[in-house]
Amino acid sequence: MKSPSGLSVLLIGTGAVRAHPERGGPSFIVTIDGKNLLFDCGRCAVHNMSRFGFPVESIAETYITHLHFDHICDLPLLLLLSWNNGRTHRMPIYGPRGIDAFMENGLRQAYEHDIKSRVGHGKDASLLEWDVTELTKEGVVVETDTHRIDTLITKHGGLLNFNFRITTADKVIVVMSDSEYDPRIVEFCRDADLVLVECSGTQEFLDTVPWGSWHMTPEQIGEVMREAQAKKVVLKHLVIESFKENDQNVSEEMAKTAQKIYPEGEVIAGTDGMKFNF
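Residues numbered from 1 in each chain as written. Predicted model: local features only at pLDDT ≥ 70, side-chain atom pairs only at ≥ 80, totals over all residues. Heavy atoms only, no water.

J.: How should the sheet that holds strand β8 (residues 148-153) be read in this particular structure?
T.: The pairing of strands in a sheet comes from backbone hydrogen bonds and takes either a parallel or an antiparallel form. Taking strand neighbours across the sheet as the criterion, the 7 strands line up as β7-β8-β9-β10-β11-β12-β13 in an open arrangement whose pairing is mixed. Every interior strand has two partners, whereas the edge strands, β7 (139-143) and β13 (266-269), have only one. Here the strands of the sheet are splayed against their neighbours by 20 degrees on average, with no regard to which way each runs. Inspection of the sheet shows strand β12 (residues 232-236) paired to β13 by 4 bridges, in the parallel sense. Its bridge partner lying in β13, K232 is registered against E266. In the packing of helix α8 (residues 218-228) onto the sheet, contacts are made with β11 (194-198) and β12, and the angle to β11 comes to roughly 155 degrees. (Pairing = 2+ DSSP bridges. Helix = DSSP H or I, 4+ residues; strand = E, 2+ residues; numbered from the N terminus. Axes fitted to C-alpha atoms, helices over the stretch in contact; angles between N-to-C directions. Contact = heavy atoms within 4.5 Å.)

J.: Even after reading the chapter, I still don't get the environment of F243, so can you show me in this structure?
T.: With respect to the helices, strands and loops of the structure, F243 is situated in the loop between β12 and α9 (249-261). Note on F243: relative accessible area 35%, which makes it partly exposed. Residues F243 and N105, 138 residues apart in the sequence, show an inter-C-alpha distance of 32 Å. With near-sequence residues (within four places) excluded, F243 lies in contact with R18, F205 and W211. (Buried < 20%, exposed > 50% of the residue type's maximum accessible area, 1.4 Å probe, protein only.)

J.: Help me understand the sheet that holds strand β3 (residues 35-39) in this model?
T.: The 7 strands lie next to each other as β6-β5-β4-β3-β2-β1-β14, forming an open sheet whose pairing is mixed. At either end of the open sheet lies a strand with only one pairing partner, and these are β6 (130-135) and β14 (275-277). Taken pair by pair, the neighbouring strands of this sheet meet at an average axis angle of 20 degrees, ignoring direction. On top of the sheet, helix α4 (residues 99-109) reaches β5 (91-96) and β6; it is set at about 145 degrees to β6, its chief contact.

J.: Before we go on, may I ask you to explain the packing of helix α3 (residues 75-84) against α4 in this structure?
T.: Angle between the axes and distance between the axes: these two values describe a pair of packed helices. Where α3 meets α4, the closest approach of the two axes is 10 Å, and the angle between their N-to-C directions is 65 degrees. Of the two elements, α3 crosses α4, and the hand of that crossing is right-handed. Contacts between α3 and α4 involve L75, P76, L79 and L80 from the former and I99, F102, M103, G106 and L107 from the latter. Partitioned by chemical class, the residues of the contact of α3 with α4 number 8 nonpolar, 1 polar and no charged. (Left-handed = near helix turned anticlockwise from the far one by under 90°. Nonpolar A, V, L, I, M, F, W, Y, C, P; charged D, E, K, R; others polar.)

J.: Before we go on, may I ask you to explain the side chain of H237 in this structure?
T.: Structurally, H237 can be placed in the loop between β12 and α9. A polar contact of 3.2 Å, which involves the side chain of H237, links it to the side chain of D70. In terms of polar contacts, H237 uses its side chain to reach the side chain of S200, at 2.9 Å. (Polar contact = N/O pair within 3.5 Å; in protein donor to acceptor, adjacent residues only side chain to side chain.)

J.: I tried to follow the pattern of salt bridges on my own but got confused; where do I start?
T.: Opposite charge on two side chains lets them pair, provided their charged atoms get close. According to the stated counting rule, one finds 16 salt bridges in the structure shown. Taking the shortest distance from any N to any O, the salt bridge between R108 and E129 comes out at 2.9 Å. Placement of R108 in helix α4 and of E129 in the loop between α5 (112-120) and β6 is noted, with a sequence separation of 21 residues between them. Taking the relative accessible area as the measure of exposure, R108 reaches 28% and is therefore partly exposed. A residue is classified by how much of its surface remains accessible, and E129, at 16% relative accessible area, is buried. Within this structure, E104, R108 and E129 form a network of salt bridges that share partners. (Salt bridge = Lys/Arg side-chain N within 4 Å of Asp/Glu carboxyl O.)

Here it is in structure tokens:
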């Protein structure tokens, strides 16, 4: 595997389900040798791509962690707008079993009249198309001469749920999905240069909501990342803020909690537009 000439990670959206004035839904771009790989496509993803200088038609491949709506609601818009703007390739989409039906129902059927109208006025219908690879088991998803993408399945809300590890010749980036604690996460994040990990709330907060058991606490994140020896850990999917008047200090405190458990590493709360260059 040869070293890429460039590697960067951009946080497109660090929020979750509820609308938040400062945070879009989960969405992240990993750029390898100028090739933009999109991980999840949640609320405001398309808008934020424009804000941060990434035209939607520049997305080369899309990877989806799971089928909760906050992670996929902008995906039809991504395909439609990139087609409208001149995308010249069929969009590869990798995601859990069911993503193909989502694209057929949530895009092709839902926007049937729009598509017919645009094709009738000269748009090439073939350039709207996408190529779905439905994931059903863990393993290598993509392998090229510059990078490999592996997956780990963890539990989350009863859904088929994938985490992604991107390995280059000398760097490792991990994009975690929403997830319950799983001891295998340690090895999956082993020696990673950057881990994007969801942190929906404190244990006290998670105990008050019916879906609290679907997520890890700041303490669990600190312990896992300490064992994994991840170099930089960035918290995302910061649900708790929406229940605390959108107070971003709540997320900063969660990062401090994890940092105390893992003082040798760096743990921060992510923000939309935050970028990491390697």
